[in-house]
Amino acid sequence: MKTIIAEKPSVAREIARIVGATKREEGYFEGGGFAVTWAFGHLVQLAMPDGYGIRGFVRDNLPIIPETFTLIPRQEKTEKGYKPDSGVVSQIKIIARLFKESEQIIVATDAGREGELIFRYLYHYIGCTTPFVRLWISSLTDKAIREGLRNLEAGDKYDNLYLAAKARSESDWLVGINGTQALSIAAGHGTYSIGRVQTPTLAMVCARYWENRRFTVEPFWQLHIAADDGNGEVVKFSSSEKWKEKEPATELYNKIKETGTATVTKAERKEKTEDTPLLYDLTTLQKEANAKHGFTAEQTLEIAQKLYEKKLITYPRTGSRYIPEDVFVEIPKLLDFIGNLPEWKEKVNLKAVPTRRSVDGGKVTDHHALLVTGEKPLFLSKEDSIVYQMIAGRMIEAFSEKCVKDTATVTAECAGAEFVAKGSIIKQAGWRAVYGEEEKEETILPGWQEGDTLALKAASITEGKTKPKPLHTEATLLSAMETAGKEIEDDALRQALKDCGIGTPATRAAIIETLFKRGYMERCKKSLVPTEKGLALYSVVKTMHIADVAMTGEWEKELARIERGELPADTFRKEIEAYTKEITSELLSCDKLFARRDSGCKCPKCGTGSMQFYGKVVRCDNAECGLPVFRLKANRILTDEEIKDLLTDGHTKLLKGFKSKQGKSFDAVVAFDGDYNTTFVFPERKTTKKFSGRKK
């Protein structure tokens, strides 16, 4: 008998049907000489400190660096602490028996770093010695599974992938456990969660927040003229210069009105070619789904995973935007299929040869870019359909012709000031026709030449204001994670920096969600806004190694090198251990940032504890209560006296100087609600009754 192990029951069911394992047993399917079983994600995990006989949250025990990590069944949190998940333990026993009774194991967990780790941790925990081979596929269609089963690969081919996954898992444990415990000990209260990737990610959100909030808005003035094109239409020009003072701009505006004409000083015309966009990888799909449809990164990943399990798209957790030659052969057939979907009729040019920009086998990592599979997308929800059609639409764009434009830039001089007008005419719409983008882009300029005199139809002066960088959205944060905080618009350069990004396409959504769950940031429409707790943590760690985005990017690069066999995993482990010692020492020594003073006020919630002043927070010293009151409220720090009013009276006086998330100033009373969370209470506006003038 051979045992096939999948990552999820739904995938196991599909494979079982194909190999003829139709008899359902407890925890597996059987038949045709196969047992097909499954995991539920990670069945086995690294033990917590108590698994090594070490008590947690004790200064003298840090840093905790096990010589060898211990594997245990996945645990669940209960009122009495953590205990093994009974369903997990039961499934492990079933898998252990099947592995032992088998002549060979076929590994069919997801073909990627985490999928490999799920199987290997389980294999080592069980103490199994049965030989195993690897099913490595990029879609779950019947055809792909059958081809994969005919071409099973040697298990040891993926040893380096496992070593990289194991190094990632152990480094996250070392940094997360030691960092969290060190900072929480230094604080003397509460738990401050720290992570190898989550903390630099939070740092980027907080840094952008402060950059935005501390930005000084400055006014500027710009001049505009409108010239007659000779056919009854007007062409609008804008001044090259912007003035910080109104007076010189107004003076020039008056001169322009008197002049009444402008002279063309330069007329440039050239052809511009726009390459097709590359196919989607997971991160690019998540960014565009967030920007265009407001989907969260996690929501897009969940939908993509669902579409994959329904056999509609290829493997979603991919970091590549390219396909190899053998997949390119299938593209005409897939484009023909997409062209028959009602959403894309007449958008696919079946006579054209598909463009090869997204074809490069050397740039394909574990999996190629996202493609639809050719299975009909039936009965999809609105959200699922949006993501599916995004992938289909991007395929049409990626394999269409380039977009070619004739562009024109005309520079004119009037009253000593330079003005510019730009226009373009689409010669070949190419890929831009897929979503009708070319229709918005045409601005036709007349064939003016240098020296031409233009009659002015109008002139105007406008006032503008400088704007700060906007707060991060999930789309911009994913971009920042992808390039370790470097702001890069160019697609090719972004691709080159992928090895230095923080997190991976498969984990970035979970990292962002972790920051929400920990209460470090929240969503405000599409913007990501750090909470008082998040800003308090950032203020403590912002200059430390733990918040260094570039360093975290380097770790990701090292993991990629382990995966390629270029770096021994032991070398990486030693580096991470040294790094863990550094950050633990740094975090333990920051207790001065948590220095406390007694407020002299009893805790309003429990009535027994005393409220203690810390740098950014006031907290109850009763360990069972620990009520926190953060000083920072809407861009304003509450003073000691204002905090004391809140603690004794349940509310402050009317306070001025708060700023909303939109940057507007407001006055309010800070008060406790029924659960002792702080809330704003706004004063009632006095209204003056107007006399209507009518007699009763």
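Up top is the structure.
Fair warning: this is a prediction, and the values are worked out from it, not measured in the lab.

1. Structural notes on the overall build of the protein chain
Phase 1: The helix and strand inventory of the protein chain stands at 19 helices and 28 strands.
Phase 2: Across its three principal axes, the protein chain shows a C-alpha extent of roughly 95 × 80 × 65 Å.
Phase 3: By residue count, 50% of the 696 residues in the protein chain fall in the buried class.
Phase 4: Put simply, of all contacts in the protein chain between residues at least 6 apart along the chain, 70% involve residues at least 24 apart.
Phase 5: By element, 49% of the accessible surface of the protein chain is carried by carbon and sulfur atoms, the whole surface being about 34300 Å².
Phase 6: Between the mean site of the 105 positive side-chain charges and the mean site of the 100 negative ones, the protein chain shows a separation of 5 Å.

2. Topic: the nonpolar core
Phase 1: Ranked by size, the top nonpolar core spans 87 residues in total, and within it Ile 105, Leu 183, Val 541 and Ile 546 carry the most contacts.
Phase 2: Of the residues forming this core, the biggest block, 13 residues, is contributed by helix α5 (residues 159-187).
Phase 3: Counting 59 residues, the second-largest nonpolar core is a separate cluster that includes Ala 16, Phe 34, Leu 279 and Ile 338.

3. Some words on the layout of surface pockets
Phase 1: Each pocket or cavity is described by its volume, and for the second largest pocket that value is around 1100 Å³.
Phase 2: Around the second largest pocket, the lining comprises 31 residues; the ones closest to its centre are Ser 138, Ala 144, Glu 147, Val 327 and His 368.
Phase 3: Broken down by secondary-structure element, the contributors of at least two residues to the lining of the second largest pocket are α4 (142-150), α10 (325-328) and α11 (331-339).
Phase 4: In terms of residue count, α4 provides more of the lining of the second largest pocket than any other element does, four residues in total.
Phase 5: Of the residues that constitute the lining of the second largest pocket, the class distribution is 11 nonpolar, 11 polar and nine charged.

4. Digging into the sheet that holds strand β14 (residues 261-274)
Phase 1: With antiparallel pairing, six strands are arranged side by side around a closed barrel as β12-β13-β16-β15-β14-β17. Strand-to-strand, the axes of this sheet are offset by a mean angle of 35°, without reference to chain direction.
Phase 2: Sheet topology note: the strand β13 (residues 234-239)/strand β16 (residues 417-428) ladder contains two bridges and is antiparallel. Note that in β16 the partner of Ser 239 across the bridge is Phe 419.
Phase 3: In this fold helix α7 (residues 246-259) packs onto β12 (219-228), β14, β15 (403-414), β16 and β17 (453-465), with an angle of close to 160° to the strand it touches most, β17.

5. Looking at α7
Phase 1: Its 14 residues place the ends of α7 20 Å apart at the C-alpha level, agreeing with the 20 Å of an ideal helix rising 1.5 Å per residue.
Phase 2: Within α7, the full set of buried residues consists of Ala 249, Leu 252, Tyr 253 and Ile 256. Looking straight down α7, one finds its buried side chains confined to an arc of 110°; they lie on one side. Exposed residues on α7 whose side chains face more than 90 degrees from its buried face are Glu 247, Glu 251 and Glu 258.
Phase 3: Residues of α7 that are buried in the fold lie against β12, β15, β16 and β17.
Phase 4: A positive backbone phi angle near 80° is found at Gly 260, which sits one or two residues after α7.

6. What to know about the sheet that holds strand β1 (residues 2-6)
Backbone-to-backbone hydrogen bonds join strands into a sheet, with any given pair of strands oriented parallel or antiparallel.
Phase 1: With mixed pairing, the seven strands of this open sheet are ordered in space as β2-β3-β4-β1-β9-β10-β11. Of all the strands in the sheet, the pair left with one neighbour each is β2 (23-25) and β11 (153-154).
Phase 2: In this sheet, β11 lies alongside strand β10 (residues 132-134) in antiparallel orientation, the contact comprising two bridges. The residue bridging Val 133 from the neighbouring strand is Ala 154, located in β11.
Phase 3: Where helix α1 (residues 9-19) meets the sheet, it contacts β1, β3 (28-31), β4 (34-38) and β9 (104-108), and its direction lies at approximately 165° from that of β4.

7. Let's talk about the packing of helix α6 (residues 198-213) against helix α13 (residues 474-482)
Phase 1: Contact geometry of α6 with α13 gives a least axis separation of 11 Å together with a crossing angle of 125°. Put simply, α6 runs oblique to α13. With respect to the hand of their crossing, α6 and α13 are arranged in right-handed fashion. Two secondary-structure elements touch here, α6 through Thr 201, Met 204 and Val 205 and α13 through Leu 477, Ala 480 and Met 481.
Phase 2: Grouping the amino acids of the contact of α6 with α13 by side-chain chemistry returns five nonpolar, one polar and no charged.

8. Section: the packing of α6 against helix α16 (residues 532-541)
In helix packing, the relevant descriptors are the interaxial angle and the interaxial distance, both defined with respect to the helix axes.
Phase 1: Remark: α6 packs on α16, axes separated minimally by 10 Å, with the N-to-C direction vectors making an angle of 100°. Between α6 and α16, the angle falls in the class roughly perpendicular. Along its contact with α6, which presents Thr 199, Leu 202, Ala 203, Cys 206, Ala 207, Tyr 209 and Trp 210, the element α16 presents Gly 534, Leu 535, Leu 537, Tyr 538 and Val 541.
Phase 2: Looking at the contact of α6 with α16 residue by residue, the classes come out as 10 nonpolar, two polar and no charged.

9. Looking at the pairing of strand β22 (residues 617-620)
Phase 1: With burial as the criterion, each face of β22 is covered, one bearing Val 617 and Arg 619 and the other bearing Val 618 and Cys 620.
Phase 2: Here strand β21 (residues 610-613) runs beside β22; their pairing, made up of three bridges, is antiparallel. For Met 611, the partnering residue across the bridge sits in β22 and is Cys 620.

10. What about empty space enclosed by the protein?
Phase 1: Counted by the stated rule, this structure contains one cavity of 30 Å³ or more.
Phase 2: Reported here for the largest cavity is a volume of approximately 60 Å³.
Phase 3: Of the residues belonging to the lining of the largest cavity, the class tally is eight nonpolar, one polar and one charged.

11. Concerning the pattern of salt bridges
Phase 1: Evaluation of the coordinates by the stated rule reveals 45 salt bridges.
Phase 2: Arg 523 is the salt-bridge partner of Glu 513, the closest N and O atoms lying 2.8 Å from each other. Remark: Arg 523 occurs in strand β18 (residues 521-524) and Glu 513 occurs in helix α15 (residues 508-517); sequence separation between them is 10 residues.
Phase 3: Taking relative accessible area as the criterion, Glu 513 reaches 10% and is therefore assigned buried.
Phase 4: Between Arg 636 and Glu 642 there is a salt bridge; the shortest N-O distance is 2.9 Å. In terms of burial, Arg 636 and Glu 642 fall into one category: buried.
Phase 5: By sharing partners, the salt bridges in this structure join Arg 113, Glu 114, Arg 168, Asp 172, Arg 196 and Glu 556 into a single network.

12. Quick look at unusual backbone geometry
Phase 1: For the bond running from Leu 62 to Pro 63, omega is -5°, close enough to zero to count as cis.
Phase 2: Along the chain, Pro 63 falls in the loop between β5 (44-46) and β6 (71-73).
Phase 3: The backbone of Phe 57 sits at a positive phi, close to 60°, despite the residue not being glycine.
Phase 4: Along the chain, the position of Phe 57 falls in the loop between β5 and β6.
Phase 5: A relative accessible area of 44% means that Phe 57 is categorised as partly exposed.

13. A few points about the side chain of Asp 229
Phase 1: Along the chain, Asp 229 falls in the loop between β12 and β13.
Phase 2: Comment: no salt bridge for buried Asp 229; closest opposite-charge side chain is Lys 457, at 8.9 Å.
Phase 3: Every residue in contact with Asp 229, bar those within four places of it in the chain, is listed here: Val 235, Pro 446 and Trp 448.

Calculation rules
- Residues numbered from 1 in each chain as written.
- Predicted model: local features only at pLDDT ≥ 70, side-chain atom pairs only at ≥ 80, totals over all residues.
- Heavy atoms only, no water.
- Helix = DSSP H or I, 4+ residues; strand = E, 2+ residues; numbered from the N terminus.
- Buried < 20%, exposed > 50% of the residue type's maximum accessible area, 1.4 Å probe, protein only.
- Contact = heavy atoms within 4.5 Å.
- Areas by Shrake-Rupley, 256 points an atom, 1.4 Å probe, with all protein chains shown as cover.
- Lys, Arg positive; Asp, Glu negative; His and termini not counted.
- Charge placed at Lys NZ, Arg CZ, Asp CG, Glu CD.
- Core = buried A, V, L, I, M, F, W, Y, C linked by side-chain atoms within 4.5 Å.
- 1 Å grid on protein atoms, 1.4 Å probe; cavity = no way out; pocket = protein on both sides within 12 Å on 5 of 7 lines; lining within 4 Å.
- Points joined across faces, edges and corners; volume = space filled by probe spheres on them.
- Nonpolar A, V, L, I, M, F, W, Y, C, P; charged D, E, K, R; others polar.
- Pairing = 2+ DSSP bridges.
- Axes fitted to C-alpha atoms, helices over the stretch in contact; angles between N-to-C directions.
- Expected span 1.5 Å × (residues − 1).
- Arc of directions from axis to C-beta.
- Parallel < 35°, antiparallel > 145°, perpendicular 65-115°, else oblique.
- Left-handed = near helix turned anticlockwise from the far one by under 90°.
- Salt bridge = Lys/Arg side-chain N within 4 Å of Asp/Glu carboxyl O.

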